[in-house]
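Coordinate analysis (summary)
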Amino acid sequence: MTIYDSIEKQFSLYLQIEKNASPNTLINYKQDLNNFFQFLHKEQMNGLNEVDDRVVRLFLTYLYDQKLSRKSVARKISSLRTFYRYLEREEIVENNPFLTIALPKAEQSLPHFLYKEELAQLFMASDLSSPLGQRNQALLELMYATGIRVSECQRLTIDALDFSLQTVLVYGKGRKERYVPFGTFAATALQQYISEGRKQLLTKSNLDSSAIFLNAKGTPLTDRGIRFILNKIVEDAALTIHIHPHALRHTFATHLLNEGADLRSVQELLGHDHLSSTQIYTHVTKDRLKEVYMKNHPRAKKR
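Please read all numbers here as calculations on a predicted model, not as lab measurements.

1. Some remarks on the overall build of the protein
Counting secondary structure elements, the protein contains 13 helices and three strands. Expressed as lengths along the three principal axes of its C-alpha atoms, the size of the protein is roughly 65 × 65 × 35 Å. Across the 303 residues that make up the protein, the buried fraction comes to 44%. Across the protein, the fraction of contacts at a sequence separation of at least 24, relative to all contacts at a separation of at least 6, is 55%. Carbon and sulfur atoms provide 52% of the accessible area of the protein, an area that totals close to 17800 Å². Each charge class in the protein can be summarised by its mean position, and for the 40 positive and 33 negative side chains these summaries are 6 Å apart.

Rendered as structure tokens:
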């Protein structure tokens, strides 16, 4: 046991109990703290109260030497800022040396999304006569219909679905709840899967599981399982694109905004705390821009 293990455990309990942090958030904090503790050991520093502005700048250099992205560095600094805020509260240190450090600006990259033609190919790929094909179709339809995160999808249970209102109760980051509507295509795919394919999959495990999405053994799908399924759908559709679950979330938001949805509504549907997180989706495709220009500019074409 190192000198930091005890304080790390106390901090983890603080995040769980007072901040209601998700398991993934706890894992990220643990990784960030361990990275920092390794640096302190390398620099032969034995106390958290020895860290000052100079040490923080050395730590930044240490992170960049590892070829980390600006986004990863920013996350680690943010984690340590929270950690030292906790240490201040517990009177373990006198000040927070990470408060004066500006977070690196993240690279401005637009989220990848799918075109309607690509989606159409994906929706034609699954064999709806098989239990796994029905599951894959329901999974794809629901993720595109709602824009939910893969972790949110993996946790969904049968009682979260309301087919009369066509809504699903989603537990987001920090265990925040939100109701998200879904359309007719998703409803049809889900009803077929639940009434047929899911029942057949449950017989493989003899479990009384409430999870919506099950694997071939009849047990709940994992995050990794969902990613594997989506890649398999792309392969079956003979597409050359690389798809990950978040691409469907990006596509959901992009298509809504391109069709005229307001930013606040999309923010609520995505479960974003801050509007700035949603604003990245205000980009539109070149084809859409050209279409708007040609339709509306007085001198775009001869009339």
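2. Brief notes about the pattern of salt bridges
On inspection of all chains with the given rule, the structure shows 11 salt bridges. The residue Glu8 makes a salt bridge to Lys30 at a minimum N-O spacing of 2.8 Å. Here Lys30 lies in helix α2 (residues 23–42) and Glu8 lies in helix α1 (residues 5–17), a separation of 22 residues in the sequence. Given the relative accessible area of 9%, Glu8 is considered buried. Take Lys30: its relative accessible area is 45%, and that puts it in the partly exposed class. Between Glu259 and Lys116 there is a salt bridge, with the nearest N and O atoms lying 3.2 Å from each other.

3. Thoughts on the sheet that holds strand β2 (residues 167–171)
Note: strands within a sheet are paired through backbone hydrogen bonds, in either parallel or antiparallel orientation. Spatial strand order, β1-β2-β3: three strands in an open sheet with antiparallel pairing. A single partner strand is all that each edge strand has here, and the edge strands are β1 (161–162) and β3 (177–181). When β1 meets β2, the two strands line up antiparallel, connected through two bridges. When the bridges of β2 are listed, Asp162 appears paired with Thr167.

4. A short note on the pairing of β3
Here β3 shows a buried face lined by Arg178 and Val180 and an unburied face lined by Glu177, Tyr179 and Pro181. Sheet analysis places β2 next to β3, joined by five bridges and oriented antiparallel. By the bridge assignment for β3, Thr167 is matched with Pro181. Hairpin geometry of β2 and β3 is characterised by an intervening segment of five residues between the two adjacent antiparallel strands and by a positive phi of about 70° at Gly174.

5. Things to note about the environment of Leu33
Looking at the secondary structure, you find Leu33 in helix α2. The exposure class of Leu33 is buried, given its relative accessible area of 2%. Between the alpha carbons of Leu33 and Ser79 there is a distance of 7.8 Å; along the sequence they are 46 residues apart. Dropping the residues within four chain positions of it, Leu33 is found in contact with Glu8, Phe11, Leu80 and Phe83.

6. Concerning the side chain of Ser22
Looking at where Ser22 falls in the secondary structure, it is placed in the loop between α1 and α2. Given a relative accessible area of 18%, Ser22 falls into the buried group. Looking at Ser22, its side chain comes within polar contact range of the side chain of Thr25, at 3.0 Å.

7. Observations concerning the packing of helix α6 (residues 131–146) against helix α8 (residues 184–205)
At a closest axis distance of 8 Å, the pairing of α6 and α8 adopts a crossing angle of 145°. In this structure, the crossing between α6 and α8 has a hand that is left-handed. Touching Pro131, Leu132, Gln134, Arg135, Gln137, Ala138, Glu141, Leu142 and Ala145 of α6 are Phe185, Ala186, Ala189, Leu190, Gln192, Tyr193, Glu196, Gly197, Gln200 and Leu201, all from α8. The class makeup of the residues in the contact of α6 with α8 is 11 nonpolar, five polar and three charged.

8. Here we look at the nonpolar core
In terms of nonpolar packing, the biggest core is built from 51 residues, with Leu122 and Phe213 touching the most fellow members. Of all elements in the fold, only α5 (116–123), α6, α7 (150–154), β2, α8, α9 (223–236), α10 (245–258) and α11 (263–270) reach the threshold of two or more residues within this core. With eight residues, α8 is the largest single contributor of residues to this core. When neighbours within four sequence positions are excluded, Leu122 is seen to be in contact with Leu114, Leu140, Ile233, Val234, Ala237, Leu239 and Ile243. Core analysis: the second largest hydrophobic core is formed by 32 residues, Ile7, Phe39, Val55 and Leu60 among them.

9. Remarks on the packing of aromatic side chains
Within this structure, the stated rule accounts for 20 aromatic pairs. With 6.4 Å between their ring centres and 25° between their planes, Phe36 and Phe39 make a pair best called stacked. Of this pair, Phe36 and Phe39 both sit in helix α2, three residues apart, roughly one helical turn. A single burial state applies to Phe36 and to Phe39, both of which are buried.

Each value, and the rule that gives it
- Residues numbered from 1 in each chain as written.
- Predicted model: local features only at pLDDT ≥ 70, side-chain atom pairs only at ≥ 80, totals over all residues.
- Heavy atoms only, no water.
- Helix = DSSP H or I, 4+ residues; strand = E, 2+ residues; numbered from the N terminus.
- Buried < 20%, exposed > 50% of the residue type's maximum accessible area, 1.4 Å probe, protein only.
- Contact = heavy atoms within 4.5 Å.
- Areas by Shrake-Rupley, 256 points an atom, 1.4 Å probe, with all protein chains shown as cover.
- Lys, Arg positive; Asp, Glu negative; His and termini not counted.
- Charge placed at Lys NZ, Arg CZ, Asp CG, Glu CD.
- Salt bridge = Lys/Arg side-chain N within 4 Å of Asp/Glu carboxyl O.
- Pairing = 2+ DSSP bridges.
- Polar contact = N/O pair within 3.5 Å; in protein donor to acceptor, adjacent residues only side chain to side chain.
- Axes fitted to C-alpha atoms, helices over the stretch in contact; angles between N-to-C directions.
- Left-handed = near helix turned anticlockwise from the far one by under 90°.
- Nonpolar A, V, L, I, M, F, W, Y, C, P; charged D, E, K, R; others polar.
- Core = buried A, V, L, I, M, F, W, Y, C linked by side-chain atoms within 4.5 Å.
- Phe/Tyr/Trp six-rings, centres within 6.5 Å; stacked < 30°, edge-to-face > 60°.

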